[in-house]
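# Coordinates in review
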Amino acid sequence: MNILRTDSSHKDFQTLVKSLDAALAEHNGENDDFFAQFNTIDTIKNCIVAYIDDIPAACGAFKPFSEDTIEIKRMFTHPDFRKKGLGSAIVKELQSWATELNFTKAVLETSRDLKSAISVYEKSGFYKIPNYGQYVGIEQSVCYEKVL
């Protein structure tokens, strides 16, 4: 596995995010427009693409949430590469990068039905918190936090 730090203009990151958006549109159904508005990638400066044999296999990103906190976004592993530890590797790299930039905490939101994603986050040391921001009152969402 090779991990590349990049930004949201990178072609491989954009390709993986298109696959993520298609999967989420199907998963979210009629609620997709609500979630999609928070998932634009126009200007994300901190993105990661993981490669297996030079094939873009997984991605993730973070953006500043507050002065000391990042929000992890756009986590996706292509179906052909799942169950290989890529999600955990990306979360670890995102945390390292955030720490290098002097952030001290990370938050994220995911769907309560995405059990494999929740497993990755919990194994990475994230703990469930009350839904924050735009996710307050959204039953489909669960939010997590970790001190870096």
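No experiment lies behind these values; they were computed from the predicted model shown.

What counts and how
Residues numbered from 1 in each chain as written. Predicted model: local features only at pLDDT ≥ 70, side-chain atom pairs only at ≥ 80, totals over all residues. Heavy atoms only, no water. Core = buried A, V, L, I, M, F, W, Y, C linked by side-chain atoms within 4.5 Å. Buried < 20%, exposed > 50% of the residue type's maximum accessible area, 1.4 Å probe, protein only. Helix = DSSP H or I, 4+ residues; strand = E, 2+ residues; numbered from the N terminus. Contact = heavy atoms within 4.5 Å. pLDDT = per-residue confidence, 0-100. Pairing = 2+ DSSP bridges. Axes fitted to C-alpha atoms, helices over the stretch in contact; angles between N-to-C directions. Phe/Tyr/Trp six-rings, centres within 6.5 Å; stacked < 30°, edge-to-face > 60°. Salt bridge = Lys/Arg side-chain N within 4 Å of Asp/Glu carboxyl O.

## Some words on the nonpolar core
- Residues Phe62, Ile70, Ile72, Met75, Ile90, Leu94 and Phe126 are the most contacted members of the largest nonpolar core, which totals 23 residues.
- Counting residues per element, the ones that place at least two in this core are β2 (46-52), β3 (55-64), β4 (69-77), α3 (86-100), β5 (105-111), α4 (115-123) and β7 (141-147).
- Not counting the four nearest positions on each side in its chain, Met75 is found in contact with Leu20, Cys59, Gly60, Gly87, Ile90, Val91, Leu94 and Tyr121.
- Counting 11 residues, the second-largest nonpolar core is a separate cluster that includes Phe13, Leu20, Cys47 and Ala61.

## Brief notes about the confidence of the model for the chain
- Scored by pLDDT, the chain has a mean of 90; 87% of the residues are at 70 or more.
- Mean pLDDT in the chain bottoms out at helix α2 (residues 32-36), which sits at 49, and peaks at strand β6 (residues 127-129), which reaches 98.

## Comments concerning the sheet that holds β7
- The sheet built from 7 strands is open, its strands ordered β1-β2-β3-β4-β5-β7-β6 with mixed pairing. Both outer strands of the open sheet, β1 (2-6) and β6, are each paired with one neighbouring strand and no more. Each neighbouring strand pair of the sheet contributes to a mean axis angle of 30°, computed without reference to strand direction.
- Bridging between β2 and β3 involves 7 bridges; their strand directions are antiparallel.

## Brief notes about the packing of aromatic side chains
- Under the definition given, this model contains 5 aromatic pairs.
- With a centroid separation of 6.3 Å and an interplanar angle of 70°, the aromatic rings of Phe62 and Phe103 are classed as edge-to-face. Of this pair, Phe62 sits in strand β3 while Phe103 sits in the loop between α3 and β5; the two residues are 41 residues apart in sequence, bridging distant segments of the chain. Accessibility classification places Phe62 together with Phe103 in one group, the buried group.
- On the numbers, 5.1 Å between centres and 70° between planes, the contact of Phe65 with Tyr132 is edge-to-face. A residue pair is termed long-range when its members are at least 10 positions apart, and Phe65 in the loop between β3 and β4 and Tyr132 in the loop between β6 and β7 qualify at 67 residues.
- On the basis of relative accessible area, Phe65 is assigned to the partly exposed category, the value being 42%.
- Members of the aromatic cluster, joined through ring pairs, are Phe62, Trp97 and Phe103.

## A look at the pattern of salt bridges
- Tallied over the full model, the rule gives 6 salt bridges.
- The shortest N-O distance in the salt bridge between Glu145 and Lys105 comes to 3.6 Å. Placement of Glu145 in strand β7 and of Lys105 in strand β5 is noted, with a sequence separation of 40 residues between them.
- Classification of Lys105 as partly exposed rests on a relative accessible area of 26%.
- The salt bridge involving Arg112 is made with Asp113; its shortest N-O contact spans 3.8 Å.

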